[in-house]
Amino acid sequence: MGLAIIFGLVAILAALGLLRSLKIKNLLAAGFAFLTFAVFGWFTVMTVLDVIVGSGGSTGH
């Protein structure tokens, strides 16, 4: 779950970078920021959903 928290922070920073790059009309940076936000955000959301609904995270491997 710790990795998901770090990836969530990365997703938040990518969203801020996306807004900043759109503000200055840098489309290449906006594209990379959007892809970063989409990938890391999706991983974070699905991990949190798995902990809440699914197996409960760590199973003691």
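Residues numbered from 1 in each chain as written. Predicted model: local features only at pLDDT ≥ 70, side-chain atom pairs only at ≥ 80, totals over all residues. Heavy atoms only, no water.

Observations regarding unusual backbone geometry
Here the phi dihedral of K25 falls at roughly 60°; this positive angle occurs in a residue that is not glycine. Among the structural elements, K25 can be located in the loop between α1 (2-23) and α2 (27-53). Take K25: its relative accessible area is 70%, and that puts it in the exposed class. (Helix = DSSP H or I, 4+ residues; strand = E, 2+ residues; numbered from the N terminus. Buried < 20%, exposed > 50% of the residue type's maximum accessible area, 1.4 Å probe, protein only.)

Thoughts on the packing of aromatic side chains
Overall, the coordinates contain two aromatic pairs when judged by the stated rule. Where F7 meets F40, the ring centres are 4.9 Å apart and the plane angle is 80°; that geometry is what we call edge-to-face. Taken as a pair, F7 in helix α1 and F40 in helix α2 lie far apart in primary sequence, 33 residues in all. Take F40: its relative accessible area is 24%, and that puts it in the partly exposed class. Ring plane angle 70° and centroid distance 5.2 Å describe the contact between F7 and F43, whose orientation is recorded as edge-to-face. Of this pair, F7 sits in helix α1 while F43 sits in helix α2; the two residues are 36 residues apart in sequence, bridging distant segments of the chain. Counting every residue linked through ring pairs, the aromatic cluster contains F7, F40 and F43. (Phe/Tyr/Trp six-rings, centres within 6.5 Å; stacked < 30°, edge-to-face > 60°.)

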